[in-house]
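Chain by chain, the residues run as shown.
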Amino acid sequence: MIVADRKSLEEILSMIKDYKNIMVLGCKGCVTVCNVGGEKEVSILASALRIARQKEGREINIDTKVIERQCDNEYVAQLKETVGNYEAVVSMACGVGPQFLSEAYREQKFYPAVNTTFFGGAVTHGIWEERCAGCGTCIIHDFDGLCPVARCAKSLLHGPCGGSSKGKCEISKETICIWDSIVSKKMEQGRLNDLLKVRAVKDWRTARDGGPRRSIREELTQ
Amino acid sequence: MSEINSENNVKPEGDFKSGSNLEKVLRAGHFAFTGECGPPKGANVHHLVEKFHHLKGNVDAVNITDNQTAVVRMSSLAASHLMIDHGLEPNFQMVCRDRNRLAITSDILGAYALGIRNMLCLSGDHQSFGNHPEAKNVHDIDSMQLINLVTTMRDKEEFLNGEKIDVAPKLFVGAACNPFADPFEYRVYRLANKIAAGADFIQTQCIYNMDKFRTFMKQVVDMGLHEKCYILAGVTPMKSARMASFMGKMVPGMDVPESLINRLKGAEKGKQAEEGIKFALEQIEEFKEMKGVAGVHLMAIEWEQMVPEIAERAGMLPRPVV
């Protein structure tokens with residue numbers, strides 16, 4: 001899923017400092033699963049904003065709503081009647097949400113309440129980790145399902161580099177060296193030969209480097 | 001000043017890869033001795049030239065580092081060119097952190113055009129260690145692919161995309177190897193991979209754990225890798241017990257045994273640096289005899305003024321003229 005972290009209250013307050021009547025809009029997709037922009041978090045943010053503004057002596061009206069998915073025009077359309085009732089809308093969806101909203105409602109202003117961080121999952125309660133870089137050409141079958149593009153700090157296709165120490169990456173003791181994991185698994189399984197070749201350079205056109213991407217499924221477009 | 005003219009396009013004589021001094025010394029079977037020089041944090045040519053004086057005549061070639069530890073400095077390409085102007089042979093270092101394949105390729109062409117004949121291919125320390133941790137890193141290709149790219153340019157006279165090169169760069173190509181990073185059992189295979197990618201010579205990370213290095217070199221020799229590539233053992237003399245302790249703890253992939261730290265601590269007051277040099281000299285003596293080791297790469301980091309003395313005491317002088 002897409003993982004996000006909420007922005008600081010100060011940053012959100014500064015975005016909406018000129019408004020007295022806003023909507024905080026959540027999403028039931030990924031941000032609900034990663035506990036950052038679902039029903040509960042929308043309600044918490046709205047309360048925190050109200051209290052902060054009350055303290056400043058500049059009260060604000062905040063209505064809340066959570067839609068199925070902000071990345072889907074069908075659900076975004078449900079806001080048609082209400083979106084115009086506010087000076088601005090604060091979206092708690094990932095970075096996709098405010099853009100679908102902005103494209104659908106040209107006259108309204110939208111602000112993100114979260115920083116979209118990565119594609120990943122929860123490794124334990126409360127801790128999420130990156131797993132995919134969305135490079136557009138998956139090669140993890142060569143590495144037993146582990147991705148060096150997303151998980152090696154240098155995206156090495158031939159690792160581990162000289163900074164790998166005791167299974168950890170040189171950038172931090174909290175970061176595992178994915179190449180250590182790849183090599184260890186290959187060694188355990190007696191398949192080290194898989195790694196003993198020089199791989200062709202990667203074609204980054206399918207990644208963000210090729211420009212904004214589009215995925216077309218012909219059978220669904222008809 | 002050297003003239004930038006078509007003389008730099010002359011093909012290497014005989015079957016030399018580049019005909020660099022380093023290549024000739026190694027091919028002639030001499031025990032090679034290379035040095036290292038970090039460009040200044042600025043355009044201070046005077047400071048750079050001062051370092052050259054300590055190295056000139058004492059080593060066969062000098063590595064010019066490329067924004068080492070991700071701290072920004074004068075470009076390794078420009079510093080290499082200045083080095084040629086002062087009569088030393090550079091080993092131009094290039095990291096994959098800061099350049100994509102276009103910049104890498106054009107810098108290789110530029111390096112050759114400026115008379116550079118040795119190049120060392122590296123991934124590069126992560127930018128989070130340096131003084132611009134906010135920077136975007138590139139890593140379009142990795143060091144293994146960089147070795148392959150530059151040797152393909154040299155041997156097939158083709159760019160990565162298969163197009164022909166109008167005067168191909170003929171470089172003697174090196175790579176790094178850290179026998180002390182993990183997983184240890186894989187390190188010799190990674191070295192084999194770099195040789196398969198085309199590396200002509202290898203310079204290792206600073207060696208302090210001699211037991212581990214002996215084990216590593218036995219693996220190298222057992223696999224016959226020393227016959228396919230020249231391996232230069234990395235030596236950095238310790239200035240103090242504090243430096244030893246810091247390097248062991250703070251520098252990723254550095255293995256500094258407690259016994260060395262204690263040896264330095266045990267030295268008489270004011271004699272720790274001398275003890276560090278003694279250890280380095282003992283290492284060099286052992287490397288001269290160690291099967292599979294073709295030379296020593298001396299990295300006297302910000303201690304270039306000690307190179308003449310170390311070279312002399314290690315019996316490395318005079319350097320061979322081939």
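Presented here is an overview of the structure given in this document. Being a predicted model, the structure only gives us computed values, none of them experimental. (Residues numbered from 1 in each chain as written. Chains lettered and ligands numbered in written order. Predicted model: local features only at pLDDT ≥ 70, side-chain atom pairs only at ≥ 80, totals over all residues. Heavy atoms only, no water.)

Describing the environment of His81 of chain B
All names here are of chain B. When you line up the elements, His81 lands in helix α3 (residues 76-85). His81 gets classed as buried once you look at its relative accessible area, which sits at 15%. Residues His81 and Gly115, spaced 34 residues apart in sequence, show a C-alpha to C-alpha distance of 7.5 Å. (Helix = DSSP H or I, 4+ residues; strand = E, 2+ residues; numbered from the N terminus. Buried < 20%, exposed > 50% of the residue type's maximum accessible area, 1.4 Å probe, protein only.)

Structural notes on the layout of surface pockets
There is about 1,200 Å³ of room inside the second largest pocket. What lines the second largest pocket is a set of 38 residues, among which Glu130, Ala133, Val149, Ala150 and Ser155 of chain A lie closest to the centre. Of all elements in the fold, only β7 (127-132), α6 (148-151) and β9 (172-176) of chain A together with α4 (101-113) of chain B reach the threshold of two or more residues within the lining of the second largest pocket. Class assignment for the residues of the lining of the second largest pocket results in 16 nonpolar, 9 polar and 13 charged. (1 Å grid on protein atoms, 1.4 Å probe; cavity = no way out; pocket = protein on both sides within 12 Å on 5 of 7 lines; lining within 4 Å. Points joined across faces, edges and corners; volume = space filled by probe spheres on them. Nonpolar A, V, L, I, M, F, W, Y, C, P; charged D, E, K, R; others polar.)

A closer look at the state of the cysteines
Within this structure, the stated rule accounts for 0 disulfides over all chains. No disulfide involves Cys161 of chain A; its sulfur sits 6.4 Å from the nearest other cysteine sulfur, which is in Cys152 of chain A. (Disulfide = S-S within 2.5 Å.)

Details of the sheet that holds β7 of chain A
All names here are of chain A. The 3 strands are arranged β1-β6-β7 in an open sheet whose pairing can be described as antiparallel. This sheet does not close on itself; its edge strands, each paired only once, are β1 (2-6) and β7. Between one strand axis and the next, the sheet turns by 70° as a mean value, whatever way the strands run. In terms of strand pairing, strand β6 (residues 114-124) meets β7 through 5 bridges, oriented antiparallel. (Pairing = 2+ DSSP bridges. Axes fitted to C-alpha atoms, helices over the stretch in contact; angles between N-to-C directions.)

Examining the packing of helix α5 (residues 143-155) of chain B against helix α6 (residues 184-197) of chain B
Residue and element names in this part refer to chain B. Interaxial distance between α5 and α6 falls to 8 Å at its minimum, and their mutual angle equals 20°. Taken together, the axes of α5 and α6 are roughly parallel relative to one another. The two elements α5 and α6 cross, and the hand of that crossing is right-handed. Along the contact surface, α5 presents Ser143, Met144, Ile147, Asn148 and Thr151, while α6 presents Arg190, Asn193, Lys194 and Ala197. Here the contact of α5 with α6 is built from residues that sort into 3 nonpolar, 4 polar and 2 charged. (Parallel < 35°, antiparallel > 145°, perpendicular 65-115°, else oblique. Left-handed = near helix turned anticlockwise from the far one by under 90°. Contact = heavy atoms within 4.5 Å.)

Some points on the pairing of strand β1 (residues 32-37) of chain B
All names here are of chain B. Where burial is concerned, most of β1 is hidden: 6 out of the 6 residues are buried. Neither face of β1 is left uncovered, since the one carrying Ala32, Thr34 and Glu36 and the one carrying Phe33, Gly35 and Cys37 both have all their residues buried. Bridge analysis of β1 against strand β2 (residues 61-64) gives 4 bridges, and the strand direction is parallel. Within β2, the position partnered with Cys37 by the bridge is Ile64. As for the winding sense of the linkage, the β-α-β connection from β1 through helix α2 (residues 45-55) to β2 is right-handed. (Right-handed = clockwise from strand over helix to strand, strands pointing away.)

Re the nonpolar core
Within the largest apolar cluster, 90 residues are counted, with the highest numbers of intra-cluster contacts made by Ile108, Phe213 and Phe287 of chain B. Once residues within four sequence positions are removed from consideration, Ile108 of chain B is found in contact with Met94, Met119, Leu146, Leu149, Val150, Met153, Pro169 and Leu171 of chain B. Residues Leu146, Ile182, Val183 and Leu195 of chain A belong to the second largest nonpolar core, which totals 21 residues. (Core = buried A, V, L, I, M, F, W, Y, C linked by side-chain atoms within 4.5 Å.)

Side note on the pattern of salt bridges
In total, this model carries 36 salt bridges over all chains according to the counting rule given. Residue Asp194 of chain A is joined to Arg191 of chain A by a salt bridge in which the shortest nitrogen-to-oxygen separation is 3.3 Å. A relative accessible area of 33% means that Asp194 of chain A is categorised as partly exposed. On the basis of relative accessibility, which here comes to 29%, the residue Arg191 of chain A falls in the partly exposed class. For Glu13 of chain B, the salt bridge is made with Lys24 of chain B, and the minimal N-O distance between the two is 3.2 Å. Separated by 11 residues along the polypeptide, Glu13 of chain B in the segment before α1 (21-27) and Lys24 of chain B in helix α1 bring together distant segments of the chain. Relative accessible area serves as the criterion here: at 17%, Lys24 of chain B is assigned to the buried category. (Salt bridge = Lys/Arg side-chain N within 4 Å of Asp/Glu carboxyl O.)

Quick notes on the side chain of Ser164 of chain A
Tracing the backbone shows Ser164 of chain A in the loop between α6 and β8 (168-169). Looking at Ser164 of chain A, the relative accessible area reads 2%, which means it is buried. Among all residues touching Ser164 of chain A, those that are not within four sequence positions of it are Cys177 and Asp180 of chain A together with Ala181, Asp182 and Arg187 of chain B.

Notes on the sheet that holds β2 of chain B
All names here are of chain B. If you trace the 8 strands once around the closed barrel, you get β1-β2-β3-β4-β5-β6-β7-β8, paired in parallel fashion. Averaged over all pairs of adjacent strands, the angle between strand axes in this sheet comes to 25°, irrespective of strand direction. Relative to β1, α2 is tilted by about 165°, and along the sheet it contacts β1 and β2. Contacts from α4 reach β3 (90-95) and β4 (118-122) within the one sheet, and its direction differs from that of β3 by about 170°.

Overview of the pairing of β2 of chain B
Residues and elements named next belong to chain B. A two-sided burial pattern is seen for β2, the buried positions comprising Ala61 and Asn63 on one face and Val62 and Ile64 on the other. In the sheet, β2 pairs with β3 via 3 bridges, with the strands oriented parallel. Paired with Ile64 across the two strands is Phe92, which belongs to β3. Handedness of the crossover joining β2 and β3 through α3: right-handed.

Some remarks on the interface of chain B and chain A
Listed as interface residues are 30 residues of chain B and, on the opposing side, 28 residues of chain A. Summing both partners gives a buried area of about 2,400 Å² for chain B against chain A, and 57% of it is carried by carbon and sulfur. When the buried area of chain B at its contact with chain A is split by residue, Gln145, Asp182 and Tyr186 of chain B rank highest and sum to 24% of it. Connecting chain B to chain A are 0 salt bridges. For the side of chain B that touches chain A, the secondary structure elements donating two or more residues are α5 and α6 of chain B. Among the elements that take part in the side of chain B that touches chain A, α6 of chain B stands out by supplying 8 residues, more than any other. For the side of chain B that touches chain A, the per-class residue count stands at 11 nonpolar, 11 polar and 8 charged. (Buried area = accessible area lost by both parts, 1.4 Å probe.)

Looking at the packing of α4 of chain B against α5 of chain B
Residues and elements named next belong to chain B. Packing of α4 against α5 brings their axes to within 11 Å, and their N-to-C directions diverge by 45°. Classed by the angle they form, the pair α4 and α5 counts as oblique. The hand of the α4/α5 crossing is right-handed. Contacts between α4 and α5 pair Ile104, Thr105, Ile108 and Leu109 from the former with Leu146, Leu149, Val150 and Met153 from the latter. Among the residues making up the contact of α4 with α5, the classes are represented as 7 nonpolar, 1 polar and no charged.

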